[in-house]
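# Tertiary structure, described
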Amino acid sequence: MTAHSPTVVDAENFPHLAIIGGGIGGVALAVACLHRGIPFTLYERDRGFAARSQGYGLTLQQASKAIEGLGVFSLDDGVISTLHLVHTTDGQVIGDWGIRKWLQGDAKSSPKRTNVHIARQSLRQALLEQLGGDERVQWGHQLVDFQEIDAGGVDLSFQVDGTIQHAKADLLVGADGIRSSVRSLLIGEDASPLRYLGCIVILGICPLENLGRLEHDLLDSATVFQTANGNERIYMMPFTADSVMWQLSFPMPEEDAKALSAEGAQALRDEACKRCQWHDPIPQILATTEAAQVSGYPVYDRALLTADLLEKGKQVTLIGDAAHPMSPFKGQGANQALLDALALARGITKACGPKSPWREAGLRASVLTGFEAEMLKRSATKVKDSADAAEFLHSDIVLHEGDEPRGRCLKRKPQAADDMDRPG
Ligand SMILES: Cc1cc2nc3c(=O)[nH]c(=O)nc-3n(C[C@H](O)[C@H](O)[C@H](O)COP(=O)(O)OP(=O)(O)OC[C@H]3O[C@@H](n4cnc5c(N)ncnc54)[C@H](O)[C@@H]3O)c2cc1C
């Protein structure tokens, strides 16, 4: 579904945004600007939407509500899970929760909402449709430098087809992911370098038809399950209605993890098969996942950003992984990027309407400091919890019996509503 009556662009009152990065956060910010009449240009270094493969699936938790704020009321390719199971390697269930259990009257409390699983590219596509299509993106534009102008605004330099091209904007937003160039140019790499979290993830996508006649309750397209032994841990979720995504992780020294990742898809799948001769249908799924659908990376995050580092930019800010990269183990990165995008667009609308003194006061004082304070506070616990999960999911703590997300036993206090049924 697309916005029916796009708002007229108000270039007189609002700053013009240069959004760097057409991933989840960047496209979401562009949509939020479009809906509010905020002028923007969206730059992406990839040459087109399909430059990368489907990659992996995302679980929308808090952001399943936030995407309605971006005009997306139904995700045609989204799959809802109703049960989450945790097993030991022989298939014994040591934890189960979710709406299906609640409906059966077994659970003490009802989940506040369901989780939606969707391929990263399908979510990106749904957001691009809101924008009116692909042509709203400046593809093949890699930001390589920027300079803030004292009188206001930012000069941008892009590498485009081997040449350098220049552009201007009032506000530069880095939505360019964990290896963000905007962040690096703004605060340098040394201030918060990539931090290795001690483990590798190997991912695969397997169509159910690859499994032939194999039938299994865990393959009902509505169940999420994980199986662990205190070292390796595999997480499986519906990817589409007729395929599953698996994510295997285990501790490994950084150099070994880089080497295994560089060996490529076949080696990664072989490693997964070798390590997970566990209960059905895990071995069958790993063995029948085509190598082309397998990828693997060492897992990184960065130390939390502080407000004073971001204040170096008078007309520059960051959202999503560029601001707060985190491990994938709590499934929060894209959720936070979507929340950031909405918060920034709302902040601009509030502070920069007609008669607003933002040009005299500056965007930092008018919008950015307030926006960043909320973003940094909201995302900090997610970064920390995601880093903690990289440790306890590969320890005996994961084998704790309990009908709750893994690691909750470490935090015996009332949980936030966004913590019901997540990948961890
Ligand atoms: C295996 C895995 C599973 C995950 N599961 C979940 C999950 O279940 N739920 C969840 O919420 N999150 C999950 N995440 C995290 C989530 O994918 C990221 O947090 C999210 O995609 C971040 O969005 P972003 O827009 O900040 O960055 P990205 O989506 O990484 O987009 C950055 C974009 O910037 C572009 N770019 C980079 N540099 C430049 C440049 N110099 N100039 C122009 N363009 C540039 C890149 O090409 C890219 O398109 C998972 C991540 C992984 C790896």
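Look up a bit, the structure's there.
As a convention, each chain's residues are numbered from 1 in the sequence order in which they are written. pLDDT decides what is reported in this predicted model: residues at 70 or higher carry local features, side-chain atom pairs at 80 or more are listed and counted, and totals for whole chains, interfaces and linings draw on all residues regardless. Side-chain numbers here rest on the full set of heavy atoms in the structure, without hydrogens or water.

### Description of the packing of aromatic side chains
How we decide: Planes of paired rings set the category: under 30 degrees apart is stacked, over 60 is edge-to-face and the rest tilted, where pairs are Phe, Tyr or Trp rings (Trp by its six-membered ring) whose centres lie within 6.5 Å. A ring has a charge above it when a Lys NZ or an Arg CZ is no more than 6 Å from the ring centre and no more than 35 degrees off the ring normal.
Using the criterion set out here, one finds two aromatic pairs in the structure. Directly above the ring of Phe 250 sits Arg 275, whose terminal nitrogen or CZ lies 3.7 Å from the centroid.

### Some points on the site of the ligand
Counted only if it meets this: Whether a residue is near a molecule or strand depends on its heavy atoms: it is near if one of them lies within 4 Å of it. Think of a polar contact as two N or O atoms within 3.5 Å of one another; within protein, one of them needs to be a possible hydrogen donor and the other a possible acceptor, and neighboring residues in sequence only count if both atoms come from side chains. Every accessible area reported is derived by Shrake-Rupley at a probe size of 1.4 Å, with residue values counting cover from the shown protein chains alone. In this description a helix means any DSSP run of H or I spanning at least four residues, a strand means any run of E spanning at least two, and both kinds are numbered starting from the N terminus. Gly is placed with the polar residues, together with every amino acid not listed as nonpolar (Ala, Val, Leu, Ile, Met, Phe, Trp, Tyr, Cys and Pro) or charged (Asp, Glu, Lys and Arg).
With respect to spatial proximity, 31 residues lie near the ligand, and among them Gly 25, Glu 44, Tyr 56, Arg 120 and Asp 321 are the closest. The side chain of Asn 335 places a nitrogen or oxygen atom 2.8 Å from an oxygen atom of the ligand. Considering the ligand on its own, with 1000 Å² of exposed area, one finds that the protein chains cover 91% of that surface. Among the elements of the structure, α1 (24–36), β3 (57–60), β9 (142–148) and α10 (333–351) are those that each provide at least two residues to the shell around the ligand. Per-class residue counts for the shell around the ligand are nine nonpolar, 15 polar and seven charged.

### What to know about the sheet that holds strand β15 (residues 233–240)
We apply this condition: Two strands are counted as paired when DSSP detects at least two bridges linking them. What counts as an axis is a line fitted to C-alpha atoms, over the stretch in contact for a helix, and the angles between N-to-C directions run from 0 to 180 degrees. Contacts: residue pairs with any heavy atoms within 4.5 Å of one another.
Strand order across the open sheet formed by seven strands is β6-β5-β14-β15-β16-β13-β17, with mixed pairing between neighbours. Because the sheet does not close on itself, it has two edges, and the strands there are β6 (93–97) and β17 (294–301). Adjacent strand axes in the sheet meet at a mean angle of 20° when their direction is disregarded. Pairing between strand β13 (residues 195–207) and β17: seven bridges, direction antiparallel. When the sheet's bridge partners are listed, Gly 204 is paired in β17 with Val 294. Along the sheet face, helix α6 (residues 254–263) touches β13, β16 (243–251) and β17 and points at about 150° away from the line of β17. Helix-sheet contacts for helix α7 (residues 265–275) involve β13, β16 and β17, and the interaxial angle to β17 is about 85°.

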